[in-house]
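Okay, here's what each chain looks like letter by letter:
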2 protein chains.
Amino acid sequence: MAEPFHCDFRGRLFMGHLGNHLLNAADFHSTDRGFGMKYLMSIQRSWVLSRLAIEMDEMPEQYTRFVVETWVESAMRYFTSRNFRIVSPDGTKVYGYGRSIWAMIDTSTRQPTDIFAIDNGAINNWIVTDKECPIQKGGRVKMGNDAPLVRTIETHYNDVDINGHINSVKYIEHILDLWPIDFYREHQLRRFEIAYVAEAHGGDHLAFYSEAVGDSGYNVRIANADSGVEVCRAALVY
Amino acid sequence: MAEPFHCDFRGRLFMGHLGNHLLNAADFHSTDRGFGMKYLMSIQRSWVLSRLAIEMDEMPEQYTRFVVETWVESAMRYFTSRNFRIVSPDGTKVYGYGRSIWAMIDTSTRQPTDIFAIDNGAINNWIVTDKECPIQKGGRVKMGNDAPLVRTIETHYNDVDINGHINSVKYIEHILDLWPIDFYREHQLRRFEIAYVAEAHGGDHLAFYSEAVGDSGYNVRIANADSGVEVCRAALVY
């Protein structure tokens, strides 16, 4: 359900909360098939979200129930691609779609590890090739070096996830917060795409750089404000 | 379920997300009994949360399922008191309790209205007097005028609820964010109490004043940084 406190002033689900639902769907789906986060933690492995793209015709309205479908589109040694479809419970109304790319890391070395090593490549049993996800794949977000700094924030307790890193969902919220509230009276976010480049940690200062692309697009780069290290890049279409 | 992205770096549910679950429980419970937000909106009425107190022995751990029970303790003309109990699904483990006070307003005048006017005082049919809520009621948080200003923030798109006001849950998050992340390595929040005094709006700058009370208590006052109008007061016990 699009819970009331998860909806914006127009009564539509916030993109951050939708992102959270997609990540939960990914977690529950992989858990049910034997390669979920909880099991991976027990063998010093973890999924790491590398890219997420969400494209919505419409955001679910306050109190509306919706279903998040998810399936594995493909798996390679170091990356797997998982798609999402957000639909009404009866399946007649499609709100939008999502695409995501995940890597698997060794939690002690933080290095990528072989996805097929889990249960003899069991992920291959779950690949669905005949389900359509009619939105563009996320690509490299090209940004010039002269995109202006638009905000610097300090990260706090509520920004940090169980690994001590800045929560993937919080980046979405901080990026959407770059625009003034009045902007959202006239603009509806149609596509949000983010590539996670490096981890940031609780307490880090994050610098946000943004540039317009055409009439209704924006690119955003987040960097560690002290070290300058790039943390993530996003592309938005309103 | 204590969803993974709703848990802090210690793997425990964030107080803000717990607060959201309590508010949802209140909404669903009142909706099922004919005096929920959605119906009230249709007759130009709305519930307004006046006070919320939550006291936890333990916060649910990541992936743990829990149940939020709620019941109306009492109703008067202008205020009703609703309690909460957070328990394991089998009822054997009590995580904690909550108390809340609600007023009903006329959404056109923003003035308090008679709760008993709804469906001939139907709320009286739902009062439960024999269920215990063994935590202190919220009282007036006494704060001196010399509590130091500890932070000023700008409010953004994600802070604002469907009424254009700062979301009740976001105050909880912003208050807990006043302490550095390392503080939470050593301190567990046992009791959080907040009194909502006046509405703040998206874009408002909020000033946070905080003072210690005894060994492990803190009082926090939030005011509009421009007008000085008090927005809410909170009392925390770690």
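Being a predicted model, the structure only gives us computed values, none of them experimental. (Residues numbered from 1 in each chain as written. Chains lettered and ligands numbered in written order. Predicted model: local features only at pLDDT ≥ 70, side-chain atom pairs only at ≥ 80, totals over all residues. Heavy atoms only, no water.)

**Q** I would appreciate a short explanation of the confidence of the model for chain A in the present structure.
**A** The pLDDT averaged across chain A works out to 96; a share of 100% of its residues lies at or above 70. Complex prediction metrics read pTM 0.97 and ipTM 0.95. (pLDDT = per-residue confidence, 0-100.)

**Q** Explain the interface of chain B and chain A here, please?
**A** Accessible area lost during the coming together of the parts is what is often quoted as the interface size. The interface of chain B with chain A comprises 38 residues on the first partner and 39 residues on the second. Here chain B and chain A share an interface that buries about 3800 Å² over both sides, 58% of which is from carbon and sulfur atoms. Contact with chain A buries area across many residues of chain B, yet B:Phe5, B:Tyr157 and B:Asn158 alone supply 22% of it, more than any other trio. Along the contact surface separating chain B from chain A lie two salt bridges. Salt-bridge contacts for A:Glu173 lead to B:Lys170; the nearest nitrogen and oxygen are separated by 3.6 Å. Of all the secondary structure elements, the ones that give two or more residues to the side of chain B that touches chain A are helix 1 (15–32), helix 2 (37–42) and helix 3 (168–176) of chain B. With five residues, the single largest contributor to the side of chain B that touches chain A is helix 1 of chain B. Residues that form the side of chain B that touches chain A fall into these classes: 17 nonpolar, twelve polar and nine charged. (Contact = heavy atoms within 4.5 Å. Buried area = accessible area lost by both parts, 1.4 Å probe. Salt bridge = Lys/Arg side-chain N within 4 Å of Asp/Glu carboxyl O. Helix = DSSP H or I, 4+ residues; strand = E, 2+ residues; numbered from the N terminus. Nonpolar A, V, L, I, M, F, W, Y, C, P; charged D, E, K, R; others polar.)

**Q** I keep staring at the sheet that holds strand 6 (residues 191–196) of chain A and nothing clicks. Help me out?
**A** For sheets, the rule is that strands pair by backbone hydrogen bonds, running either parallel or antiparallel. Residue and element names in this part refer to chain A. Spatially, the nine strands line up as an open sheet ordered 2-3-4-1-6-9-8-7-5, and their pairing is antiparallel. Where the open sheet ends on each side, the last strands, each with one partner, are strand 2 (67–75) and strand 5 (149–154). Within this sheet the neighbouring strands show an average axis-to-axis angle of 20°, counted without direction. Where strand 8 (residues 217–224) and strand 9 (residues 230–237) come together, seven bridges link them in antiparallel fashion. Along strand 9, the bridge assignment pairs Tyr218 with Leu236. (Pairing = 2+ DSSP bridges. Axes fitted to C-alpha atoms, helices over the stretch in contact; angles between N-to-C directions.)

**Q** Where do I start with the environment of B:Gly138 in this structure?
**A** Residues and elements named next belong to chain B. When you line up the elements, Gly138 lands in the loop between strand 4 (94–106) and strand 5 (149–154). In this structure Gly138 comes out as partly exposed when scored by relative accessible area, which is 30%. Beyond its immediate sequence surroundings of up to four residues, Gly138 is in contact with Arg51, Arg191 and Glu193. (Buried < 20%, exposed > 50% of the residue type's maximum accessible area, 1.4 Å probe, protein only.)

**Q** When you look at the side chain of A:Asp106 in this model, what are you seeing that I'm missing?
**A** All names here are of chain A. Secondary-structure assignment places Asp106 in strand 4 (residues 94–106). Under the relative-accessibility criterion, Asp106 is labelled buried at 13%. In this structure the side chain of Asp106 is engaged in a polar contact, spanning 3.4 Å, whose partner is the side chain of Arg45. For Asp106, the side chain forms a polar contact with the side chain of Ser108, separated by 2.6 Å. Sequence-distant contacts of Asp106, defined by excluding residues within four places in its chain, comprise Gln44, Arg45, Gln111 and Thr113. (Polar contact = N/O pair within 3.5 Å; in protein donor to acceptor, adjacent residues only side chain to side chain.)

**Q** Would you explain the relation of the copies chain B and chain A in this entry?
**A** Each of the two chain copies can be brought onto the other by rotation about an axis and movement along it. When chain B is fitted to chain A, the residual RMSD is 0.0 Å, and the transformation amounts to a turn of 180° plus an axial shift of 0.0 Å. Both chain copies can therefore be described as sitting about a two-fold axis. Measuring from the rotation axis to each C-alpha of chain B, the shortest distance belongs to B:Ile153, at 5.2 Å. Interface residue correspondence from chain B to chain A reaches 100%, placing this contact among same-surface, isologous pairings. (Least-squares fit on C-alpha atoms with pLDDT ≥ 70 in both.)

**Q** Explain helix 3 of chain B here, please?
**A** One full turn of an α-helix is made of 3.6 residues, so residues set three or four places apart face in the same direction. Residues and elements named next belong to chain B. In terms of residue burial, helix 3 counts as a mostly covered element, since nine of its nine residues are buried. Among the residues of helix 3, those classed as buried are Ser168, Val169, Lys170, Tyr171, Ile172, Glu173, His174, Ile175 and Leu176. A distance of 2.9 Å separates the backbone nitrogen of Val169 from a side-chain oxygen at the start of helix 3, and that oxygen is part of Asn167.

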